[in-house]
Amino acid sequence: MGNVRELGPISLCSPCPGLRVTEVDWQRLRNGTAHHTQEYPGSNLVVRRGQRFTFTLELNRPLESEETLIFTVETGPQASEALHTKAVFQTSELERGDTWMAVKEAQTENTTTFSLASPPNAVIGRYQLSARVSSRRKHSDRKLGEFVLLFNPWCPEDDVFLDSEEERQEYVLNDSGIIFRGVEKRIRAQGWNFGQFEEDILNICLSILDRTPSYQDDPATDVSHRHDPVYITRAVSAMVNSNNDRGVVQGQWQGKYGGGTSPLHWRGSVAILHKWFKGRFKPVKYGQCWVFAGVMCTVLRCLGIATRVVSNFNSAHDTDRNLSVDKYVDSFGRTLEDLTEDSMWNFHVWNESWFARRDLGPSYNGWQVLDATPQEESEGVFRCGPASVTAIREGDVHLAHDGPFVFAEVNADYITWLWNEDESRERVYSDTKKIGRCISTKAVGSDSRVDITSLYKYPEGSRKERQVYSKAVKKLFSVEASGRRARVRRGGGRGLWHDDLLEPATKPSITGKFKVLEPPVLGHDLKLALCLTSLTSRAQRVQVNLSGATILYTRRPVAEILHESHTVKLGPEEEKKIPIAISYSQYKEDLTEDKKILLAAMCLVTKGEKLLVEKDITLEDFITIKVLGPAVVGVAVAVEVMVLNPLSERVKDCSLMVEGSGLLQGQLSIDVPSLDPQEKASVQFKITPFKSGPRQLQVDFVSPHFPDIKGFVIIHVATAK
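Residues numbered from 1 in each chain as written. Predicted model: local features only at pLDDT ≥ 70, side-chain atom pairs only at ≥ 80, totals over all residues. Heavy atoms only, no water.

An unreviewed UniProt entry annotates the chain as protein-glutamine gamma-glutamyltransferase of Bos indicus x Bos taurus. What UniProt records for the chain under Catalytic activity (unreviewed entry) is the sentence "L-glutaminyl-[protein] + L-lysyl-[protein] = [protein]-L-lysyl-N(6)-5-L-glutamyl-[protein] + NH4(+)". According to UniProt, the comment filed for the chain under the heading Sequence similarities (unreviewed entry) is "Belongs to the transglutaminase superfamily. Transglutaminase family." (UniProt positions renumbered as here; feature names shortened; annotations may be inferred.)

Structure representation (structure tokens):
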């Protein structure tokens, strides 16, 4: 028996006088197991649409054979049958999938058990259930209680239906995950606590829907649209960022986080959502793309929509919809911020949710891109998606929603322009096909990284990929009947002919590549070489202008740490190496929490040839986490964390910040003793798991002297015998 509610006698106004409900048993355990909602805490019944749930009424006398109960369910303000936010129905033996229905399952003396089922396209949210006995006399309904109705990925008739049980376990029920960050050549895994089953999270997620501008303007109509995953996900995409609507998270990409929390200090969504809710819906400071994606994943999994976090490496931000990231640099390869409106981020993180696209047709069902990071407005609001992944792969960028922006994120050409002092510009030879690499998500049932690039585009350079790109270009660029070229206006007043973008830069007679000579480790000097190779049978002279800067993960430069020039004489087909050394003291003061450095070499060859070589470096760090014994629910187990002071100086005031859904209530802070230069230390503490199954424990090594060092481990918790 689960959650028996004593009502104090409620009269149902039967023609046979005196019929009253004395108790309601919502059978939370039975319904929770059947509906995969048993992990939601609290006293409210939580069920999924399109599926029966049962409850028992304790009456003061048996229900007579001629008596029929009439039930009413309502959600939202001004609920109405016309808006499908209210339904009135009586017990029936007939099962109908398109309407609410009730069946009397059993009756034993004064106890009667009923099952209710909603249609698979019912509005989701908080419902009130009331009942009365059928009678010639009109009587008001009597409230029996409240329940929450969610989307149902287990129901074949629901638009969010997902056919694989393993994928449902991963994308709906898993309350932790992995977000991939770093650079294309050095992808790092970061743990994230989604925590959709933590205390109050379901209530907060439903409150997010009630804070949307659409709800504030017309609540009854807004609620009536909540049957549609397209509508819900688009609304959540807007509400997770704070740009238009006092949403959950405020973005910050300047590297300064005063008055708030650095995006890299968050370990999950729970603390963020609690802070937003308890702070009377004041946006939480601060977030960047992985934070927005982590929070959105929590909200959508909580509401019952299968959702995953996706990372795109070398991700384009195309501001002018010309399928080109246009980067302006000076003679040292340094980005000219005032001219460069487009950008290529080291990585960008968004979400995919799985549902049918009734608005587009069955060809576009499946994974849909959603992006809560506020980059560009969509219909006047900072949001993005849902955009069908299939539509992106096939170049159908005209389809709703925001196809051109997502297509550019994974397909744009990367064009480099040398901006001269006379304000003329020249194309510089560089890798134009570096956008959209290693698109990654966590594997189902493991911590492995899965490359899903092939879901977004055909193999780079293949005939099919070029056909799709041309198709997308035609849909984006209008060509006038006279045959004149369509012009794309940039915000700065400069105009780019689309034909210009298709004209490749002259391929130079040399190649260049940065080579890392020693692993780049936080706190250590960096040792690299620029390798130049002549491709011709003649000798030539190369002017090499080197620059280096600490950067944010958006590749926005923070401070210059290298600026030098070399003249190199290359013999026929000769290779030469230019050694590069950057000491720790050169980058220590300006290194951001992203721990990233960008090197650039502008190579000016005789006859006017120009080659730009770039290298993104992420500094490595060290932390290991080990569980010392079997993990069992309700039994304390020791955890050992090994940390290393990466610096060549003594550090103090360090700590471990520990978090884990089902392992800890809230966060744990543990002091770390002072550490000598390069010293390793072992720190032990105990946790007492309170939920079984695979659980993620996150540990951050926090210091005022260097950026956070993050680690995580999966702990398999057994049920106590």
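Take the overall build of the chain next. Broken down by element type, the chain carries 14 helices and 42 strands. Viewed in the frame of its principal axes, the chain has a C-alpha envelope of about 105 × 75 × 40 Å. For the chain, the computed accessible surface area is about 29700 Å², with 48% contributed by carbon and sulfur atoms. (Helix = DSSP H or I, 4+ residues; strand = E, 2+ residues; numbered from the N terminus. Areas by Shrake-Rupley, 256 points an atom, 1.4 Å probe, with all protein chains shown as cover.)

On to the sheet that holds strand β22 (residues 413-419). Taken in spatial order, the three strands make up an open sheet running β16-β22-β23, and their pairing is mixed. Edge strands, defined here as strands with exactly one partner in the open sheet, are β16 (324-329) and β23 (425-428). Averaged over all pairs of adjacent strands, the angle between their axes in this sheet comes to 35°, without regard to strand direction. Relative to β22, β16 runs parallel, the two being bridged by six bridges. (Pairing = 2+ DSSP bridges. Axes fitted to C-alpha atoms, helices over the stretch in contact; angles between N-to-C directions.)

For the rest of this paragraph, the subject is the pairing of strand β24 (residues 437-442). Along β24, five of the six residues are buried, which leaves the element largely enclosed by surrounding structure. When β24 meets strand β25 (residues 449-451), the two strands line up antiparallel, connected through three bridges. When the bridges of β25 are listed, S440 appears paired with D451. Counting the residues that bridge the hairpin from β24 to β25 gives six residues, and of these G445 lies at a positive phi of roughly 80°. (Buried < 20%, exposed > 50% of the residue type's maximum accessible area, 1.4 Å probe, protein only.)

With that settled, consider the environment of G366. On the secondary structure map, G366 appears in strand β18 (residues 366-370). On the basis of relative accessible area, G366 is assigned to the buried category, the value being 4%. Placed 301 residues apart in sequence, G366 and Q667 show a C-alpha to C-alpha distance of 36 Å. Sequence-distant contacts of G366, defined by excluding residues within four places in its chain, comprise S353, W354 and F355. (Contact = heavy atoms within 4.5 Å.)

On to the sheet that holds strand β28 (residues 510-516), then. Pairing in this open sheet of three strands is antiparallel, and the strands run β28-β29-β32 from one edge to the other. On the outer flanks of this sheet lie β28 and β32 (575-582), each paired with one strand and no other. With strand direction ignored, the average angle separating the axes of adjacent strands in the sheet is 20°.

What follows covers the UniProt feature "active site" (unreviewed entry) in the chain. The UniProt feature table records "active site" (unreviewed entry) at C289, H348 and D371. Sequence-wise these annotated residues cover 83 residues; spatially they are packed, their C-alpha atoms never more than 9.8 Å apart. Topologically, H348 is positioned in strand β17 (residues 343-355). Judged by relative accessible area, which is 0%, H348 ranks as buried. H348 has contacts with C289, V310, S311, N312, S315, D371, T373, Q375 and E409, leaving out every residue within four places of it along the chain. Along the polypeptide, D371 turns up in the loop between β18 and β19 (377-378). Those residues in contact with D371, other than ones at most four positions away along the chain, are S237, H348, V349, W350, R383, C384 and E409.

That bond from G385 to P386 is cis: its omega, 0°, falls within 30 degrees of zero. Position of P386 relative to the elements: it lies in the loop between β20 (381-382) and β21 (387-388). Residue A400 is joined to H401 through a cis peptide bond whose omega torsion reads -5°. Positive phi is not limited to glycine here, since C438 has a value of about 50°. Structurally, C438 is set in strand β24.

A separate point is helix α3 (residues 201-210). Across the 10 residues of α3, nine count as buried, placing the element largely inside the fold. Buried within α3 we find I201, L202, I204, C205, L206, S207, I208, L209 and D210.

This part covers the packing of aromatic side chains. This structure, assessed with the given rule, holds 30 aromatic pairs. Pairing F71 with F114 gives two aromatic rings, centres 5.3 Å apart and planes at 75°, and the pair type is edge-to-face. Of this pair, F71 sits in strand β5 (residues 69-74) while F114 is found in strand β8 (residues 111-117), placing the two residues 43 residues apart along the sequence. Here F71 falls in the buried class, since its relative accessible area comes to 0%. F114 gets classed as buried once you look at its relative accessible area, which sits at 1%. On the basis of an interplanar angle of 80° and a centroid distance of 5.3 Å, the ring pair of Y584 and Y587 is categorised as edge-to-face. Taken together, the residues span about one helical turn, with Y584 and Y587 both in helix α14 (residues 584-587) at a distance of three residues. The structure contains a cluster of three or more aromatic residues connected by ring pairs, namely W26, F53, F55, F71, F89, W100, F114, Y127 and F147. (Phe/Tyr/Trp six-rings, centres within 6.5 Å; stacked < 30°, edge-to-face > 60°.)

The next subject is the UniProt feature "domain: Transglutaminase-like" (unreviewed entry) in the chain. Under the present numbering, the feature "domain: Transglutaminase-like" (unreviewed entry) in UniProt falls on residues 281-374. Between the C-alpha atoms that bound residues 281-374 there is a distance of 18 Å. The span itself is 16% helix and 41% strand.

Moving on to the environment of A539. Tracing the sequence through the fold places A539 in the loop between β29 (526-534) and β30 (540-551). In this structure A539 comes out as exposed when scored by relative accessible area, which is 58%. Separated by 33 residues in the primary sequence, A539 and P572 have C-alpha atoms spaced 5.2 Å apart. Once you skip the residues sitting within four places of it in the chain, A539 turns out to touch L570, G571 and P572.

Quick look at the confidence of the model for the chain now. Residues of the chain with pLDDT of at least 70 account for 93%, and the chain-wide mean is 91. Here residues 478-502 is modelled with pLDDT under 50, and outside its nearest four sequence neighbours on either side it reaches 45 contacts, counting other chains as well. (pLDDT = per-residue confidence, 0-100.)

Inspection of the secondary structure puts E460 in the loop between α11 (453-456) and α12 (463-476). Beyond its immediate stretch of four places on either side in the chain, E460 contacts K433, I435 and E465. Within the local environment of E460, its side chain forms a polar contact with the side chain of K457, the two groups lying 3.2 Å apart. (Polar contact = N/O pair within 3.5 Å; in protein donor to acceptor, adjacent residues only side chain to side chain.)

This brings us to helix α6 (residues 229-240). Across its 12 residues, α6 extends 16 Å between first and last C-alpha, which sits within 8% of the 16 Å expected from 1.5 Å per residue. Counted residue by residue, α6 has 11 buried out of 12 residues, so it is predominantly covered. Among the residues making up α6, those that are buried are P229, V230, I232, T233, R234, A235, V236, S237, A238, M239 and V240. For α6, the side-chain oxygen to backbone nitrogen distance between the N-cap and V230 is 3.0 Å, and the N-cap itself is D228. (Expected span 1.5 Å × (residues − 1).)

Now for the pattern of salt bridges. According to the stated counting rule, one finds 43 salt bridges in the structure shown. Here D451 makes a salt bridge to R449, at a shortest N to O gap of 3.8 Å. One connected set of salt bridges, linked through shared partners, spans K327, K434, R555, E614 and D616. (Salt bridge = Lys/Arg side-chain N within 4 Å of Asp/Glu carboxyl O.)

Turning next to the packing of α6 against helix α8 (residues 289-303). Where α6 contacts α8, the axes come no closer than 10 Å and their chain directions differ by 145°. Note on packing geometry: the crossing formed by α6 with α8 is right-handed. Across from I232, T233, V236, S237 and V240 in α6, the residues of α8 making contact are F292, V295, M296, V299, L300 and L303. Its residues placed into classes, the contact of α6 with α8 shows nine nonpolar, two polar and no charged. (Left-handed = near helix turned anticlockwise from the far one by under 90°. Nonpolar A, V, L, I, M, F, W, Y, C, P; charged D, E, K, R; others polar.)

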